[in-house]
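Residues per chain are reported as follows:
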Amino acid sequence: MTILIKNANEVITFKSVAQGPRIKEQMQDVAIIPYGSVLIENDRIVAIGPFTQLEVDYPDLLTVAEVIDATGKVVMPGLVDCHTHLVHGGTREQEFNMRLNGSTYMDIMNAGGGIHATTKQTREASFDELYGKTLRHLDVFLKHGITTVEAKSGYGLDWENERKQLEVAKKLHATHAIDIVSTFMGAHAVPRDYKGREDEFVDILVDDMLPKVAELGLAEFNDVFCEKGVFTPEQSRRILEAGKALQLTPKIHADEIEPYKGAELAAEVGAISAEHLLVASDEGIQKMAATGTIAVLLPGTAFFLRAPFARGRLMIDEGVPVAISTDFNPGSSPTMSLPFIMNLACMHMGMTLEEVLTATTINAAYALNRGHQIGSLEVGKQADVIMLDVANYKQLQYFYGMNHTHTVIKNGRIVVQDGILL
Ligand SMILES: N=CN[C@@H](CCC(=O)O)C(=O)O
Ligand SMILES: [Zn+2]
């Protein structure tokens, strides 16, 4: 199939001479082509530029192309949501109400709610139930312009149920338009029946679950919730090193609720990213800048837990590559709207419109080790392209709290048109 997107007010390409995740002022340079067109053949981008140039270079392709008129609209790469807890059973709105009445997130978790409550519901759910629920979530993501989603396990906390979550993600990756990138997060919480025997659970993760995940090829990344009362930095290091030996790339939920030297640990173990970082130390931020560890910031969680926002402005100024994501999960961030999260990043983390766009496209792609395939509009890259019903990219956050996604092209196929899922 050949598609021509013609005459967009702005085509935001994110093409750069910089290699790797963008830092500092590179995050500001979103590389806009005014009145641009994009030519797609099969699942690849063939050309980007003014229509008059495409006419000269590709006359044959243009005669067979399906034409999408982008006049008055903005065209950009599909959004990449690089941190979600996509596959899970149930919802936790009653805990939200408890928090509004004064309970804290960790109080609720320590009393058997929180991650433990979702673990119970995920264990009770059948494969088909989880598959159906997650599919509905993916449809919502897609309608918001998200074309790649990371999915962490971590609500099974035993092999049977961790595997179930990962297998659901694998099947949906094969059947749904959205690409799913899997992360094993057996170290999301210590199961209730291992209280006081935490190291025994770490042994099971290291000796049993991680090797099975690697052998079955069920995940690319290995994540740990390094937090006071969950996994210590020492336990986290052990789990991440064990994963590394099996070619599972480390990620860390770091310094989310209390400072715990998670950012420092991420830099030390060579993690591709450290995530949350609400209370990361100055030293941790400097270490991440020195090692190029990507900060995946999740302002929806700070918003929903009424916690301090991560110091995104400082991180960018210090040279940390920053990505932004929803952290979609049933406890601390039950939203699938990455556009809303982008607005929070502008309003509460001191990031510019351009930085936020970079953080949800090319930098998010790099946080998933896919910066060479997706996250920018460049010749030869995967044709994941969205068209937004705004006159310029500044309107994206100006008209806030709305979904501007008009058309989504995923792998060269139109999957959303006029806001409607095809
Ligand atoms: N902090 C750990 N994990 C999730 C929350 C999970 C939950 O509350 O169910 C997070 O990233 O915020
Ligand atoms: Zn998370």
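Treat the numbers as computed from the prediction; the structure is a model and nothing was measured. (Residues numbered from 1 in each chain as written. Chains lettered and ligands numbered in written order. Predicted model: local features only at pLDDT ≥ 70, side-chain atom pairs only at ≥ 80, totals over all residues. Heavy atoms only, no water.)

A.B. asks: Please explain a nonpolar patch on the surface as it appears in this structure.
C.D. replies: Together, Tyr398, Phe399 and Met402 give the surface a local cluster of nonpolar side chains, amounting to about 350 Å² of exposed area. Looking at the secondary structure, you find phenylalanine 399 in the loop between helix H17 (395-398) and strand S15 (405-410). Phenylalanine 399 gets classed as partly exposed once you look at its relative accessible area, which sits at 36%. (Patch = residues over 30% accessible without salt bridge, like charges linked within 9 Å, V, L, I, M, F, W, Y side chains within 5 Å. Areas by Shrake-Rupley, 256 points an atom, 1.4 Å probe, with all protein chains shown as cover. Salt bridge = Lys/Arg side-chain N within 4 Å of Asp/Glu carboxyl O. Helix = DSSP H or I, 4+ residues; strand = E, 2+ residues; numbered from the N terminus. Buried < 20%, exposed > 50% of the residue type's maximum accessible area, 1.4 Å probe, protein only.)

A.B. asks: Please clarify how the site of ligand 1 should be interpreted in this entry.
C.D. replies: The environment of ligand 1 is made up of 15 residues, and the closest members are Tyr105, Tyr155, Glu256, His276 and Ser332. In this structure, aspartate 327 approaches ligand 1 through a side-chain N or O atom, which is 2.8 Å from an oxygen atom. Alone, ligand 1 offers 330 Å² of accessible surface; in the complex the protein occludes 100% of this. The residue inventory of the shell around ligand 1, partitioned by class, reads 4 nonpolar, 8 polar and 3 charged. (Near = heavy atom within 4 Å. Polar contact = N/O pair within 3.5 Å; in protein donor to acceptor, adjacent residues only side chain to side chain. Nonpolar A, V, L, I, M, F, W, Y, C, P; charged D, E, K, R; others polar.)

A.B. asks: Would you explain the nonpolar core in this entry?
C.D. replies: Side chains of nonpolar character tend, in soluble globular proteins, to be buried together. If you look at the biggest cluster of nonpolar residues, it comprises 117 residues, and the most contacted ones within it are Phe231, Leu277, Ile324 and Met351. With 7 residues, helix H8 (residues 198-216) is the largest single contributor of residues to this core. Contact partners of methionine 351, with chain neighbours within four places excluded, come to Met27, Arg313, Ile316, Val322, Ile324, Ala345, Cys346, Val356 and Ala359. Among the nonpolar cores identified, the runner-up in size contains 16 residues, and Ile5, Ile40, Ile45 and Ile414 belong to it. (Core = buried A, V, L, I, M, F, W, Y, C linked by side-chain atoms within 4.5 Å. Contact = heavy atoms within 4.5 Å.)

A.B. asks: Please clarify how the UniProt feature "binding site: Zn(2+)" (unreviewed entry) in the chain should be interpreted in this entry.
C.D. replies: The positions that UniProt labels "binding site: Zn(2+)" (unreviewed entry) are, in the present scheme, His83, His85, His253 and Asp327. With the annotated positions falling across 245 residues, the maximum pairwise C-alpha distance of 12.0 Å places them together in a single cluster. As for its position among the elements, histidine 253 is in strand S10 (residues 249-254). The exposure class assigned to histidine 253 is buried, which follows from its relative accessible area of 3%. Apart from residues no more than four positions distant in its own chain, histidine 253 is found in contact with His83, His85, Lys152, Met185, Asp223, Val224, Phe225, Cys226, Glu275 and His276. (UniProt positions renumbered as here; feature names shortened; annotations may be inferred.)

A.B. asks: Looking at this structure, I do not really get unusual backbone geometry. What am I missing?
C.D. replies: Most peptide bonds take the trans configuration, and most residues that are not glycine carry a negative phi. Unusually for a residue other than glycine, leucine 157 sits at a positive phi of about 60°. Take leucine 157: it is sitting in the loop between strand S7 (146-152) and helix H7 (159-175). One non-glycine residue, leucine 277, lies in positive phi territory at about 65°. Its location among the elements puts leucine 277 in the loop between strand S11 (273-276) and helix H11 (282-291).

A.B. asks: Looking at this structure, I do not really get the packing of helix H9 (residues 233-245) against helix H10 (residues 262-269). What am I missing?
C.D. replies: Two numbers describe a pair of packed helices, the interaxial angle and the distance between the axes. With their axes 11 Å apart at the nearest point, H9 and H10 run at an angle of 25° to one another. Put simply, H9 runs roughly parallel to H10. The hand of the H9/H10 crossing is right-handed. Across the interface between the two elements, Pro233, Ser236, Arg237, Leu240, Glu241 and Lys244 of H9 pack against Leu265, Glu268 and Val269 of H10. When the residues that make up the contact of H9 with H10 are grouped by side-chain class, the tally is 4 nonpolar, 1 polar and 4 charged. (Axes fitted to C-alpha atoms, helices over the stretch in contact; angles between N-to-C directions. Parallel < 35°, antiparallel > 145°, perpendicular 65-115°, else oblique. Left-handed = near helix turned anticlockwise from the far one by under 90°.)

A.B. asks: I would appreciate a short explanation of the layout of surface pockets in the present structure.
C.D. replies: Rolled over the atoms, a probe with the dimensions of a water molecule shows which regions are left empty. In this structure, the largest pocket spans a volume of roughly 200 Å³. For the largest pocket, the full set of lining residues is Met109, Asn110, His116, Ala189, Val190, Pro191, Arg192, Lys195, Glu198, Gly229 and Val230. The class makeup of the residues in the lining of the largest pocket is 5 nonpolar, 3 polar and 3 charged. (1 Å grid on protein atoms, 1.4 Å probe; cavity = no way out; pocket = protein on both sides within 12 Å on 5 of 7 lines; lining within 4 Å. Points joined across faces, edges and corners; volume = space filled by probe spheres on them.)

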